[in-house]
Amino acid sequence: MIKAGIIGASGYTGGELLRLLVNHPDVKPELATSRSLAGKPVAGTHRHLEGFLDLRYENPDPEEIRARCDVVFVAVPHGTAMNYVPELLDDNTKVIDLSADYRLETSVFEKVYDLNHADPRTAVYGLVELHPEAAKEQLVANPGCFPTGAILSAAPLAAAGLIDMAIFDSKTGISGAGISPSGTSHYPNIAENIIPYKLTAHRHRAEIVQELNRLDGNLRNISFTPHVIPTIRGILTTAHIFTKEPLSTGDVQALYEEFYRDKPFVRLPGVPSLTAVRGSNFCDIGFEADAENNRVVVLSAIDNLVKGASGQAIQNMNLMFGLEETRGLWIPATAP
Ligand SMILES: NC(=O)c1ccc[n+]([C@@H]2O[C@H](COP(=O)([O-])OP(=O)(O)OC[C@H]3O[C@@H](n4cnc5c(N)ncnc54)[C@H](OP(=O)(O)O)[C@@H]3O)[C@@H](O)[C@H]2O)c1
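Residues numbered from 1 in each chain as written. Predicted model: local features only at pLDDT ≥ 70, side-chain atom pairs only at ≥ 80, totals over all residues. Heavy atoms only, no water.

**With respect to the packing of aromatic side chains**
For the structure on display, the rule yields eight aromatic pairs. Between F259 and Y260, the ring centres sit 5.0 Å apart and the planes meet at 80°, which makes this aromatic pair edge-to-face. With relative accessibility at 23%, the residue F259 sits in the partly exposed group. In textbook terms, an aromatic cluster arises when at least three aromatic residues are bridged by ring pairs, as seen for Y256, F259, Y260 and F287. Sitting over the face of the ring of F321, K94 holds its NZ or CZ atom 5.5 Å from the ring centroid. Of note, R267 hangs over the ring of F282, and the distance from its end group to the ring centre comes to 3.9 Å. (Phe/Tyr/Trp six-rings, centres within 6.5 Å; stacked < 30°, edge-to-face > 60°. Buried < 20%, exposed > 50% of the residue type's maximum accessible area, 1.4 Å probe, protein only. Lys NZ or Arg CZ within 6 Å of the ring centre and 35° of its normal.)

See below:
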């Protein structure tokens, strides 16, 4: 059995890692850290895990975590993971970082996050559908939630060199902001409301730019605007992709079918919906071509806590340990 540790286990992605790992046939959750809840039962705060997990939160040093675990998921805020990762890595321990700390080139990270990087090493960007080479790595940078949906929505058109301009308009559920309450998550503020934020300069834009530019180095016009909506989970992205030539919906269908052939977690079911992916690791994509305007409208839906975070991290772990990509993750959504 693979012994797994989670740093930041009391948060939302930590809880979701545990929910998925307790049912993974090859993994034993070994250690769950929290500084504020050390000594308390994990199921005391993650109530949905009652009866599935007999762990208590701990707060050991990285050396002990490394000694006790084959894989460590780092599920802490950006700027924090870089203080743990260097000490976790050794020949026998693999690390999957869910924060932004290793996703970008160091110089880009420092500019976008306005922070000095304490550990300027590079890691593979663990969007499995684009970077299967993550399987060979000891450290993988798990992608951001918005970038996962946005990049997957546009990747086939970018790889074909067809994009002139891409505008990503994303709506996220409130769990994307983590477990700490805020003005945005306060019920009267978010219920029956939609809250746009970071209209032109959300940090996740840098990941979208980085990855689409790896597919098409000439692609320049990339915009991204997020909104918070009154759901708990899920990200629906509407991508307005202006193409260099008019395309039909059939052209787009053929391109996406080919690009995502043998990618088990990308489905092309027509117009996607959040309820059809909630709780699952799927990214559902739908599209319609507007040939008159050289535009393709592409929609993607993911669960931000699963394909946008913890499920994708386990997808990476599966490949890093030579397991089937779908191991422990082949579960349908919780619709309705
Ligand atoms: N929420 C999402 O949908 C989502 C999606 C993709 C990626 N991510 C990324 O995943 C990471 C975790 O997100 P989350 O939503 O799970 O956050 P969260 O709900 O706020 O939980 C953060 C966890 O980190 C611990 N923590 C906070 N500061 C720490 C520190 N300095 N050292 C060690 N532990 C610390 C907290 O517990 P204690 O304070 O008790 O130690 C808590 O368990 C973030 O980097 C986030 O950007 C989140």
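**Structural notes on the layout of surface pockets**
In this structure, the second largest pocket spans a volume of roughly 220 Å³. Lining the second largest pocket are 13 residues, with Y12, H46, H48, R233 and L305 positioned closest to its centre. A total of three residues in the lining of the second largest pocket trace back to one element, the largest contributor, which is helix α1 (residues 12–21). Of the residues in the lining of the second largest pocket, the class split is five nonpolar, six polar and two charged. (1 Å grid on protein atoms, 1.4 Å probe; cavity = no way out; pocket = protein on both sides within 12 Å on 5 of 7 lines; lining within 4 Å. Points joined across faces, edges and corners; volume = space filled by probe spheres on them. Helix = DSSP H or I, 4+ residues; strand = E, 2+ residues; numbered from the N terminus. Nonpolar A, V, L, I, M, F, W, Y, C, P; charged D, E, K, R; others polar.)

**Brief notes about the site of the ligand**
Looking at the ligand, there are 26 residues lining it, with S10, T13, S34, S36 and V76 nearest. Between the ligand and the protein, one listed contact pairs an oxygen atom with a backbone N or O atom of G8 at 3.2 Å. At a separation of 2.7 Å, an oxygen atom of the ligand approaches a polar backbone atom of V76. Burial of the ligand by the protein chains amounts to 83% of its free accessible area of 890 Å². (Near = heavy atom within 4 Å. Polar contact = N/O pair within 3.5 Å; in protein donor to acceptor, adjacent residues only side chain to side chain. Areas by Shrake-Rupley, 256 points an atom, 1.4 Å probe, with all protein chains shown as cover.)

**A word on the sheet that holds strand β14 (residues 295–302)**
As a general point, the strands of a sheet are linked pairwise by backbone hydrogen bonds and lie either parallel or antiparallel. Spatially, β9-β10-β8-β11-β14-β13-β12 is the arrangement adopted by the seven strands of the open sheet, whose pairing is mixed. The open sheet has two free edges, formed respectively by β9 (195–196) and β12 (266–267), since each of these has just one partner strand. Sheet topology places strand β8 (residues 163–172) next to strand β10 (residues 221–228); eight bridges connect them, and they run parallel. Along β10, the bridge assignment pairs I167 with S223. (Pairing = 2+ DSSP bridges.)

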